[in-house]
Each structure stands twice: as C-alpha cells, then as structure tokens.
Amino acid sequence: MTGLSRNERIKEESRLLRGTIAEGLERRITGALAEDDTQLGKFHGFYQQDDRDLRPERAKKKMEPAYSFMIRVRLPGGVCTPSQWLQMDDIAGTFANGTLRLTTRQTFQFHGVIKSNLKRTMQALDAALLDTIAACGDVNRNVLATSNPWQSQAHGAAYALARRISEHLLPRTGAWREIWLDGEKLAGGEPEEEPVYGRTYLPRKFKTVVAVPPANDVDVFAQDLGFVAVLDEAGAVTGWNVTVGGGMGMTHGDLGTWPRAADVMGFCTTEQAVDVAEKVVLVQRDFGDRSNRKRARLKYTIDDRGIDWFRQEVERRLGYSLGEPRPMAFEHTGDRFGWVEDHEGLWHYTLFIENGRIKDTALRAMRTGLRKIAEIHEGEFRLTANQNLIVSRIAPPMRARIEALLEEHGLANGWSGLRLNSMACVALPTCGLALAESERYLPDLVTALEDALEQAGLRDDEIVIRMTGCPNGCARPYLAEIGLVGRAPGTYNLYLGAAFDGTRLNKLYRRDVGHEAILAELRPLFARYAREREEGERFGDFVLRAGIIAATAAGRRFHEDLPPEVERWAR
Amino acid sequence: MPATAAPLVPPSAPFPDEHINALNAVLGHASAEQRQWLAGFLAGYAAAGGQPAAAASAAAKARPLTILYATESGNAEALAGKAQAAARRLGFKPVLLDMADASPGDLAGAESLLVIASTWGEGDPPQRAAFFYEDLMGEGAPRLERLRYSVLALGDSAYVNFCETGRRLDARLAELGAVRAAERVECDLDFERPAAAWTGTALAALRPADEAAAEAGAEIIRVDFHKEAAGHWTQENPFPAELVQQIELSGSRSTKHVFHLELSLEGSGIAFEPGDALALLPENEAALVEEVLEKSGLAGEEALGRRLLRELDITTLSRPLMESYQRLRPNDGLARLLDGEDWRSFVKDRQLVDLLEAFPSRLEADELAGLLRPLPARSYSLASSPLAFPGEAHLLVGAVRWHSHGRARAGVASTWLGERLGRGDTVRAFLKPNRHFRLPADGRTPVVMIGPGTGVAPFRAFLQHRREQAATGRNWLFFGDRSSLHDFLYQLEWQELAQDGLLTRMDVAFSRDQPERIHVQHRLWEQRCELWAWLEEGAQLYLCGDAAAMAADVESMLLAIAADQGGLGRDAARAWLGDLVRGKRFQRDVY
C-alpha cells in the first residue's frame, strides 16, 4: 500500500457525500464546482464536464471552460412509464441540450445541464419519482436487468431482483435529498449510518446486472457482479448463477491493468440473492485496493487473491455455501429488433437507437416521435443495455397506432446487421476522459464498413462492433467482435476476437489506426470471413480459427500473444 | 463732461498703473456714446474668443444669469460651461445650475435664465433631471413672472420625439408666466454651431434693453465654441488611435457579438478617469454607401462615396430629412405621409435607403449630401483604468444587428469596430468626460455596481482602478446577460478579482439559462437584505447599461427594496432614491 488515493480522503471528509456542493451551487461567478466536490458529485449522479469543442476559444475570450453537467438517472432494469418518459423528455428540452441519451447501463443521461439548473433538474426527476443517487461514484451503480420481452415471466423476476438489489445497496446518506430537494439538514451530532458501505464507500465503481439466458444483452461478463437466471422447463426462475469480477476499464500503456471477463462463482436462490450481492460488496469494500484507483475494481481483487479465496470470503460472511453453478448458455449480446408478442398477448417493439442518442434531426424526428408514442402508450418503456429502446407491453388494439407513429417519424428498423450491433460511448465533446471521437464518429465508420460488407454479401450478418473514446470502456469494447478504443484524435486501437455471446474478450490486433487504416484492415477480413466461414460461425470465432488473432482466455492474458504488428510496442 | 467723474478703471484692475492711467485718460474724457460703444465692442471682442481682459471692468454692472442644464451624456453640461464663459465675457454674472441638483424653487427669484436641455430616449428628460422636470411640470411649480429666458434643446433626429424635453420646458416656462426672450433652438447631434449661435442670440436678448439698444447690431455678439485649447481632441479634430487588440468575447455559440477593443492613446495626451467615455467617429458600411448612391442615381460618384463613407449619416431616417427630401423632389405619396401621423410609423425601423426605395428619384451629388446630417460620433464607456493600462483605452462594444422591413440592418459604429476594422487600423477618437459617473473619492467607501451586458464596461475600469489605488472599500458587482456559458463577459477577470479579494461579491443573472427570464433586478431583490445593509453603510450605487428596459426595471426594484427593507412608503421610497441621486450616491450611465 502506498497510502490512500486522493478520492479516499475526499470521501472520508465529505460528511457522507455532502462536501461543499451546496455552497458551490451558490457560487455564480463560475459554472464549476470545487474540485473535490466534482468527485463527490458522481455519487449524486452527475459528472462535471466541459464542452471540449469550445476549449480552444474559451481562454482567448476571457471565459472559463464551458462547464456543464452530465446527469445520469438511477433506473433499475431500465424500465419506465410513459409519463416518466414524457418527464424525461421535458427535462431534456428544458434543462439539457435537447437530447436524451440512453446508456449502456439502461438509463437516461442528460448532457449540458448548467450548474444553476442542476437543482431544478434533480427536483424534476424527483417529481417523476426518479433519482440519481449512486448513478455514478464508488458505489453499486444502476442495476441492469435483461430487457428480453420474449420471456416476460423471467423478465419480471429479473427486473424485481434488479430493483431489490438497487434499493438494498443504495447509499443511506441524506445528502442527496438535503442538497437537491432542500430536504431537512442533519441536525448536529445526529448519527447517520452507511450500514453497507461505511464512510468511504467502495474503492471504485461497482456494477451489477441480472441476466436471463439466452440473451446476454446486459453483458454479464463485463460486470463486477452478475446474477444469471436458471430457468425450469416452464420458463420460471429456479435460482441464479452468480458471476463476479468482470470489468472493462484499463489504462493505455499500463500492463498491470486489463479488461476481465467475469468468473462464475456459484449458485444462489432468489431469496439469497440480495444477501449474496451485499456480501460480495462487503468483501470488495474491505479488500479492494484503495491506494491505486486504476487497480481498485473487484476484478483485480479477485485476480490478486484468486476466485477461490474470494468465494470463501463471501461464503464466510453469508454463513452458508453457494451452490454449484448450473449449466447456462448465452446466444447473443445484442438486442432482437422488431415486434414480438409475449405470453400475456401483449406486444413489444424493439427499436434501434443509434448510440442511444434521441434527438430530432433533419433526417428523423426521433425525439418527437417517441414523445408522441409516450403520449398514447399505456404500457412501459424498457431501455436496453445496448442503448436501444423497447416500447413494451402494448395492448393489441394500440399496436397499429404505435406502428403508425413509428413509421411516420422514420423510426422503423431497416439497418444493417453491423449497425444494429454497433455501440459507442458518448466521448467528445462532453466526456472529459475521451481521447478520440466515438458517438460522433462510429456511425460514419459503420457506413464506410457497410460498403465492404455489402460487397462481401454480409449486409444482414450480425457482427458486434463497439467503440469508446478512451480505454475505460463504457461501451464494453473489449467484448466486441470488433473493438475500437480511442488513443488520440482520429486514432484508435483495433481489437478482434471476442465472442458474439459476450463470453470471451477480444485482443489488440492493430495499434493506432485511423479511418482509412481501419477500413484497410477490416475489408479483407470481411471478404475472407464471407468466403471461409463455417456454417453459423461468428466473425469473432472465425478470426481465432483462421489464426488472425489469438484468443484471450483470461483478462490477465489480455496483453499476451499479441500479433507481431503490435508486439513492437515497448513494454 | 463732469470733471468730478471718478476714475472708471479702479487701481485694483489687472493692469500696470500706467495702463490704468492711460485708460482713464481716455475714458474720463469720453462721451456717454463713446463709452457705450466701447463697452459693446469689448463685450463682443471677449465673446468672440479674445482675451477677456475687459471682464472685470464690466463686472460693475454684472447681471445675474442662471444657466440651467439637464445633461445625460455631458453635452448639455459642456455647452452650459461654454455659455457661462461667454456670458461672463458679456458682463453677466452667470451661475451654472444642474437640474440634477436643483428644484424649481431655485428659479423663483431669478430674472434671466438660459436652459440647455437634452432629450433622452423616447422624449424623456435626462435621468438625473427627472425629479426637477417632474416637479416643474407638476402643480407645485412656482410662478415665474419676473423671469426672461431662452431654451436650447438638444436631441437626436433619429428619434421621433426629437428635442421633446426642451420643447416641453419651453412651453412650461411660458405657462408659468416667464417671458421668452429668444426663440428656442433645436439641435441635432451636430449641435456645436447652432448652439453657439443660440448662445449669442439669447445672451444678447437677455441684456437690459438699454444696453441692447445701444448696440449697433446684435451681430457683434458672435460666439464660437470651436476654438479649443491646443492638444484637446474634438469631433472636428479627433485623435487617430491605433486599434491594437480586438477580441470577440461572446462565445461562438452566443446569440450576440460583443467585442473587447484596445486602442492606443500613446502621444494623445488624453487623460481620462474611470467613468469617462471615448467618442469614436465611425465609418459606414461600404455596401450601404453603394446602395444609397445607386438608389439616388449616383452610382460611381467616388468623391461623394468617400464622404458618405466617413462623414455623413446615411442610416438615420427622420422627419426633417423626409421634409427636405420632399422639398427637393416632391412626391404625392410622401406628401400624404408627412401630412398626417403616418410618417411616425414609416420612420420606425426604417432608414434612408428605405425612403429612397419607397419614393425613388435621381439626385445630384450635392443634393444628396445636403440631405444628410454629419455622421455622429459614438461614445463608449471606457473599460480600463489608466492606472492599470497607461496609454490604452479598452472598450466593450456589442455589435448591433437586426432585421426590419425585410432588410438586414447593422449598427454603424458597433459593426465597424467589431467586424470591419482590424488590428492596426486607426480610429478617430476624442474623450467624452463624464464627471457624473465617478468612483467615490474615498477609497474606503463600498461600491455596488450594476452593469448587465456591455454596461459592465465602466466597472471593469472601476475595479482595475481601485486595485491600482489599493482602495480598501468593498466592491459588489451585479452582471447579467443571456447565457452564462456564452455571454459571461470578462468572466476570468472577475474570477481573478474575486480571488484577490478585491471583488467582494458578484451576482449574475443570465436570462436564457432557464425557462423563466432572470435579470439583474431579480438578483437585487434576492440579495435585498444584504444590499440594503451595504447602502445603509454608505455604499455608492452605480448603474450602467441599457436605458430602455433595464434601467427602469432596476430603479423600480430599488424602490421595492426600499419599501421592503426600509419600510418606506411609495413616496418616501421615491424621495430616498431622489436623495441618493442628488447626493451622488446613485450614479447612472445608461444609454
């Protein structure tokens, strides 16, 4: 241990996440919060950002960076009502940049909220019976649940568990209500407890999902903690396989960091699940690395101490043993688009939303269209972990009306298999971490790749492509058959070889490639894939079999067996 | 000739003894007629700019004269000063009276009065004169039967209610029984010459009947305001200042275009204080010049084009201009417009080019030039302290652009400064002092500054100045604009001043940051308790910026705060504000 990281001190001194946020909101001379408060803000569900497109002009114009805030909603399982949708849409138009962003964690993100509107945005969310508590920060974040409408019984169980875990692992501090809703301040000396977390919360962010096979839309192996439904023959949930230690983030050039696919640790019943979740969190709370934030995720705790040690530590705290994992099989990480009818006779429409960005453009009035649907829809909306949207639980008489609205606003699906399986993080201009474009670039790259796919006859073949602007991996690029991770403006690392079902990581194939080089690398691979693939063979599997890239068997092997083209990289 | 006549020139006169003796030798033997002739000659000699050597001798029969002025930008005040000098040379004992400091009762005993009043905005009196003006118009005004007077009205023919304040003062004085000694003269922005003429005429008229009758003719009283001390830059003789810096402060996504300009005053000898303004002689837009020429059938007239570019006002449309045009080229439609009230709606948001388009005709070059008034100078509050930036003048200029009647319009000076000029270009400039907008003499006095938009300019100068002077008084700035992200003018500088502890507080209001419009007056209300405390502790209050809406809103808010915090009734609150104004604790520079 080299001493605690700075964030540990900030948490410790924050009086359970209060810091000086309230005072900072009153400082109108700046659009920013105090530096330490920006770290605490994450626990409250927001990131301070600045418009990086404007950075070059700001100082010249005698203005500070164009600060604004990204606000992330806590929406367990990604389910909301039509009236909540309308309220989110209102917030986007009134306080944010006129767009809604659906995220890889099944929630809404608002961008461009200025400091003076933070409080009112939180209050508007509260009025919609939502909050942003622990949407970011070193805590258990928004809990995902499979959106899959085919197995709606199992979805119900997964969603219920996601909510229960989310509630149970929610910070208990009154700071959020106090600061944002002008709630009652803590009277002096009154004890306030964080029974699960303690005063310094977790060493790092913590991500939990609930999955229902064969859909792996929540990318369970990318998560710190996962519950995978084990179904009986009637489709009812009999219990959960528990996965631990997945995680995407790494640091360029730091070989001590790597993405990791989760291990299956055991099996638990529905009654035990929340307890198991708590104990996993407690072990990570007590053993996670609090000195180096780059190695503070659960995956390193497990890699450093071993999965057996970890399971025993969890079981010791549970007071009982986990069951043996049950067999499970996933088929895909992407969403299944279009109409589907569930066992109750209700209809669901899964809608592709490119990179989760909902806005009106010259081409497509998506935001307006969805608003109109929300105005008449009586079921619910489900945000998928792939940043797409399901208009869910549509009674048969309503289907035609909703279908008409989808058509009218150009929202019906008709995309290539690659685009439907594409996913980008937000990156520039708002994300402070981005090294390169992502959301604003991937659509163009996909368009360029579509030509190659068309030529190879692969237009409708599903290939998972994901891009992030930095190695932290919000769009889970290391589990994509084609992963692209920003290194510098216009420059990306290209990764290949992940499994289509999300069970295997990819590996670095080419370093620092730009647009033309990416096309030049992928075109011949597509052609070869079309020519040489076996029946049903996925692109990510083909490149392994063809010897184009070595398989990544475990996260800690991520940087090994690299192709000679990238091996020259000084270690 | 009575030999007992006392010496006419006293030994105390500023002459050597031998000159006094010589003068008395002549005067002692002069006839009454000769002496009167000499008196008139010397008066005219002095007024015409000669050395006022004879003033003292005339003092024996000096007549009291009140010169009352109502000034906003300082023009009326400057003219009043010049009139005072001329009057003194003519043997008056002139007293200057600022309407801001006066009440109508002060006129009660007066016999001779010159009024110089400018009109502001849509026919209003200057702000600081408002109290006097209202009282004079009100029922409590004193009768003024003994008074003889004349009014000089200043205005801008770009406004429909041209010279309205002067007109109404003139009418009201007559109503109160005063006798109009000389007809009112109305001046447009090029007021120097007509103002000088009026001064001569009015002073001649106010002289006692016998003196006036004794004169061969009034033409001897010729006043020339143009003669200035050498090195004093004026509209006629501006200083060529180099533009050394030009930065658009508005963010690229702002709806506005506000520019920070730095002019070099090196070698000009211009000495200014924070609160002063710099007047600039702008240039018109070349494209508009060409269009005006073309519409007048004068395309290609290069010499005239050069005058239109730099010397003549080719944008302002006024009734006088329309009348002149109608005289030149009668047109039935225009006649109808001018006959009734329709001209008022026609001139609204229209310019010369619209007139030429609506009632086209071909003009001769000198006819077009004759229609136009000189291109007026534009004043901008100085945004820098001479202590912080010696030899420089910083200005904050918002480029004005709008659409009206199907045309894109541009503010002449603001777009020239921000967009057509470039670094290294020369700007013709002269100083417009404003002694009614000054930091407190005592550096310990707290100040509250309200300056939304470009109104913040003088406060940048104030704060720089106070920092250089190591003034210890607290400073509180209220700023506002549309968007905090894109319109926070000088944000980094305020932050630095706050960091240094000089800027004690800063409150901002950005109207378009949220669904409802929040302006500076709303922040004043939010902070009313603290603000009242500052005022109670003797803080000086300053307001700068838009006159049309903001200033009035801020002032009504101040009244509301006085009511809320001071428990003052409506009239008491108004009196409180009036006292602040008269006590120079509330100073305004609004435009």
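Rules behind the numbers
Residues numbered from 1 in each chain as written. Chains lettered and ligands numbered in written order. Predicted model: local features only at pLDDT ≥ 70, side-chain atom pairs only at ≥ 80, totals over all residues. Heavy atoms only, no water. Helix = DSSP H or I, 4+ residues; strand = E, 2+ residues; numbered from the N terminus. Rg over C-alpha atoms; globule rule 2.2 N^0.38 Å. Buried < 20%, exposed > 50% of the residue type's maximum accessible area, 1.4 Å probe, protein only. Contact = heavy atoms within 4.5 Å. Areas by Shrake-Rupley, 256 points an atom, 1.4 Å probe, with all protein chains shown as cover. Phe/Tyr/Trp six-rings, centres within 6.5 Å; stacked < 30°, edge-to-face > 60°. Lys NZ or Arg CZ within 6 Å of the ring centre and 35° of its normal. Expected span 1.5 Å × (residues − 1). Core = buried A, V, L, I, M, F, W, Y, C linked by side-chain atoms within 4.5 Å. Polar contact = N/O pair within 3.5 Å; in protein donor to acceptor, adjacent residues only side chain to side chain. Pairing = 2+ DSSP bridges. Axes fitted to C-alpha atoms, helices over the stretch in contact; angles between N-to-C directions. Parallel < 35°, antiparallel > 145°, perpendicular 65-115°, else oblique. Nonpolar A, V, L, I, M, F, W, Y, C, P; charged D, E, K, R; others polar. Buried area = accessible area lost by both parts, 1.4 Å probe. Salt bridge = Lys/Arg side-chain N within 4 Å of Asp/Glu carboxyl O. 1 Å grid on protein atoms, 1.4 Å probe; cavity = no way out; pocket = protein on both sides within 12 Å on 5 of 7 lines; lining within 4 Å. Points joined across faces, edges and corners; volume = space filled by probe spheres on them. pLDDT = per-residue confidence, 0-100.

1. Observations regarding the overall build of chain A
Move 1: Looking only at helices and strands, one finds 18 helices and 20 strands in chain A.
Move 2: Taken over C-alpha atoms, the radius of gyration comes to 23 Å for chain A, in line with the 25 Å a tight globule of 571 residues would show.
Move 3: Seen through its C-alpha atoms, chain A measures out along the principal axes to roughly 75 × 60 × 55 Å.
Move 4: Buried residues in chain A amount to 62% of all 571 residues.
Move 5: In chain A, 69% of the contacts between residues at least 6 apart in sequence involve partners at least 24 apart.

2. Things to note about the overall build of chain B
Move 1: Counting its secondary structure elements, chain B contains 22 helices and 19 strands.
Move 2: The buried share of chain B, reckoned over its 591 residues, is 52%.
Move 3: Taking contacts inside chain B between residues at least 6 apart in sequence as the whole, the part at least 24 apart equals 77%.
Move 4: Summed over all atoms, the accessible surface of chain B reaches about 26,000 Å², with 51% contributed by carbon and sulfur.

3. A word on the packing of aromatic side chains
Move 1: The tally for this structure, following the rule as stated, stands at 36 aromatic pairs over all chains.
Move 2: Consider the rings of A:Phe287 and A:Trp309, whose centres lie 4.9 Å apart with planes at 85 degrees: the pair is edge-to-face. Of this pair, A:Phe287 sits in helix 9 (residues 270-287) while A:Trp309 is found in helix 11 (residues 307-318), placing the two residues 22 residues apart along the sequence.
Move 3: On the accessibility criterion, A:Phe287 (27% relative accessible area) is partly exposed.
Move 4: Three or more aromatic residues link up through ring pairs in this structure, and these residues are A:Phe526, A:Tyr529, A:Phe539 and A:Phe542.
Move 5: We note A:Arg326 situated over the ring of A:Phe267; from NZ or CZ to the ring centre the distance is 3.7 Å.
Move 6: If you follow B:Arg474 out to its NZ or CZ, it ends over the ring of B:Trp534, 4.1 Å from the centre.

4. Quick word on helix 16 (residues 515-532) of chain A
All names here are of chain A.
Move 1: Helix length check: helix 16, at 18 residues, gives a terminal C-alpha distance of 26 Å against a target of 26 Å (1.5 Å per residue), a fit within 8%.
Move 2: Buried residues of helix 16: Ile518, Leu519, Leu522, Leu525, Phe526 and Tyr529, and no others.
Move 3: Tucked into the core, helix 16 has its buried residues touching helix 15 (442-456), strand 18 (482-488), strand 19 (491-496), strand 20 (507-513) and helix 17 (539-545).

5. Observations regarding the nonpolar core
Move 1: Among the nonpolar cores identified, the biggest contains 96 residues, and A:Trp85, A:Met88, A:Phe108, A:Phe110, A:Phe227, A:Val280 and A:Leu370 are the most heavily contacted of them.
Move 2: Grouped together as the second largest cluster of nonpolar side chains are 33 residues, A:Leu442, A:Leu519, A:Leu522 and A:Ile548 included.

6. Overview of the side chain of B:Ser381
Residues and elements named next belong to chain B.
Move 1: Looking at the element boundaries, Ser381 is found in strand 10 (residues 378-381).
Move 2: In this structure the side chain of Ser381 is engaged in a polar contact, spanning 3.0 Å, whose partner is the side chain of Asp589.
Move 3: Residues contacting Ser381, with those up to four places away along its chain left out, are Asp276, Ala277, His394, Leu395, Ala457, Pro458, Cys544 and Asp589.

7. Considerations on the sheet that holds strand 17 (residues 465-468) of chain A
Residues and elements named next belong to chain A.
Move 1: Sheet architecture is open: five strands sit in the order 16-17-18-19-20, paired in mixed fashion. A strand with exactly one partner marks an edge of an open sheet, and here the two such strands are strand 16 (422-424) and strand 20. On average, each strand axis in the sheet is tilted by 15 degrees relative to the strand beside it, whichever way the strands run.
Move 2: Summarising the sheet, strand 16 and strand 17 pair through three bridges and their orientation is parallel. Bridge pairing links Ser422 to Ile465 in strand 17.

8. A closer look at helix 7 (residues 192-206) of chain B
Move 1: Along its 15 residues, helix 7 of chain B runs 21 Å from first to last C-alpha, staying within 8% of the 21 Å computed at 1.5 Å per residue.
Move 2: Looking only at helix 7 of chain B, the buried set comprises B:Ala195, B:Ala196, B:Trp198, B:Thr199, B:Gly200, B:Ala202, B:Leu203, B:Ala204 and B:Leu206.

9. Some words on the packing of helix 10 (residues 298-305) of chain A against helix 11 of chain A
Residue and element names in this part refer to chain A.
Move 1: Running from N to C, helix 10 and helix 11 cross one another at 110 degrees; their axes reach a closest spacing of 6 Å. In terms of their interaxial angle, helix 10 and helix 11 are classed as roughly perpendicular. Contacts between helix 10 and helix 11 involve Leu298, Thr301, Ile302 and Arg305 from the former and Ile307, Trp309 and Phe310 from the latter.
Move 2: Each residue belonging to the contact of helix 10 with helix 11 can be placed in one class, and the counts come to five nonpolar, one polar and one charged.

10. Details of the interface of chain B and chain A
Move 1: Counting residues at the interface gives 31 residues for chain B and 23 residues for chain A.
Move 2: Approximately 2,100 Å² of surface area, both sides summed, lies buried where chain B meets chain A, with 51% of it carried by carbon and sulfur atoms.
Move 3: The largest contributions to the chain B side of the interface with chain A come from B:Arg253, B:Leu485 and B:Leu492, which together make up 25% of the buried area.
Move 4: If you look at where chain B meets chain A, you find six salt bridges.
Move 5: Between A:Arg28 and B:Asp507 there is a salt bridge, with its nearest N and O atoms 3.3 Å apart.
Move 6: Summed over the shared surface of chain B and chain A, the number is 16 residue pairs in polar contact (both at pLDDT 80 or more).

11. A short note on the pattern of salt bridges
Pairing is possible between side chains that carry opposite charge, provided their charged atoms lie close to one another.
Move 1: Counted according to the given criterion, the structure contains 102 salt bridges over all chains.
Move 2: Its salt-bridge partner being A:Asp138, residue A:Arg293 comes within 2.9 Å of it at the nearest N-O pair. Here the residue A:Arg293 occupies a position in the loop between helix 9 and helix 10, and A:Asp138 occupies one in the loop between helix 6 (115-127) and strand 6 (144-145), the gap between them amounting to 155 residues.
Move 3: The shortest N-O distance in the salt bridge between B:Asp276 and B:Arg438 comes to 2.7 Å. On the criterion of sequence distance, the pair formed by B:Asp276 in the loop between strand 8 (258-264) and strand 9 (277-281) and B:Arg438 in the loop between strand 14 (426-432) and strand 15 (447-450) is long-range, its members being 162 residues apart.

12. Section: empty space enclosed by the protein
All names here are of chain A.
Move 1: Per the counting criterion, the structure on display carries seven cavities of 30 Å³ or more.
Move 2: If you add up the space inside the largest cavity, you get close to 110 Å³.
Move 3: Taken together, 13 residues make up the lining of the largest cavity; nearest its centre are Lys207, Met248, Gly473, Cys474 and Arg476.

13. What to know about the pairing of strand 1 (residues 46-50) of chain A
Residue and element names in this part refer to chain A.
Move 1: Of all five residues in strand 1, four are buried, a share of seventy percent or more.
Move 2: As defined by bridge partners, strand 1 adjoins strand 2 (residues 67-72) across five bridges and the pair is classed as antiparallel. Bridge pairing links Gln48 to Phe69 in strand 2.

14. Thoughts on the sheet that holds strand 8 of chain B
In a beta sheet, neighbouring strands pair by backbone hydrogen bonds and run either parallel or antiparallel.
Residue and element names in this part refer to chain B.
Move 1: One open sheet accounts for six strands, arranged 10-9-14-7-8-11; its pairing is antiparallel. Looking at the sheet topology across the chains shown, the edges are occupied by strand 10 and strand 11 (392-398). Sheet twist, expressed as the mean angle between neighbouring strand axes with direction ignored, is 40 degrees.
Move 2: Pairing between strand 8 and strand 11: seven bridges, direction antiparallel. Its bridge partner being in strand 11, Val258 is matched across the sheet by Gly398.
Move 3: Sheet strands touched by helix 16 (residues 412-420): strand 7 (239-248), strand 8, strand 9, strand 10, strand 11 and strand 14. Its angle to strand 10, the strand with the most contacts, is close to 60 degrees.

15. Examining the confidence of the model for chain B
Residues and elements named next belong to chain B.
Move 1: Residues at a pLDDT of 70 or more form 88% of chain B, whose mean pLDDT is 89.
Move 2: With pLDDT under 50 throughout, residues 1-7 is counted as low confidence; its partners more than four residues away or in other chains account for six contacts.
Move 3: Confidence drops under a pLDDT of 50 for residues 49-60, and excluding neighbours within four residues, the segment shows eight contacts in the predicted structure.

16. Overview of the pairing of strand 18 of chain A
Residues and elements named next belong to chain A.
Move 1: Taken across its seven residues, strand 18 has five buried, putting it largely inside the fold.
Move 2: Two elements, strand 17 and strand 18, share four bridges in a ladder whose sense is parallel. Each residue of the ladder has a partner; that of Arg466, found in strand 18, is Gly483.
Move 3: Where strand 18 meets strand 19, six bridges bridge the pair, whose relative direction is antiparallel. Within strand 19, the position partnered with Ile482 by the bridge is Leu496.
Move 4: Between strand 18 and strand 19, which follow one another and run antiparallel, lie two residues, and Gly490 among them has a positive phi close to 75 degrees.

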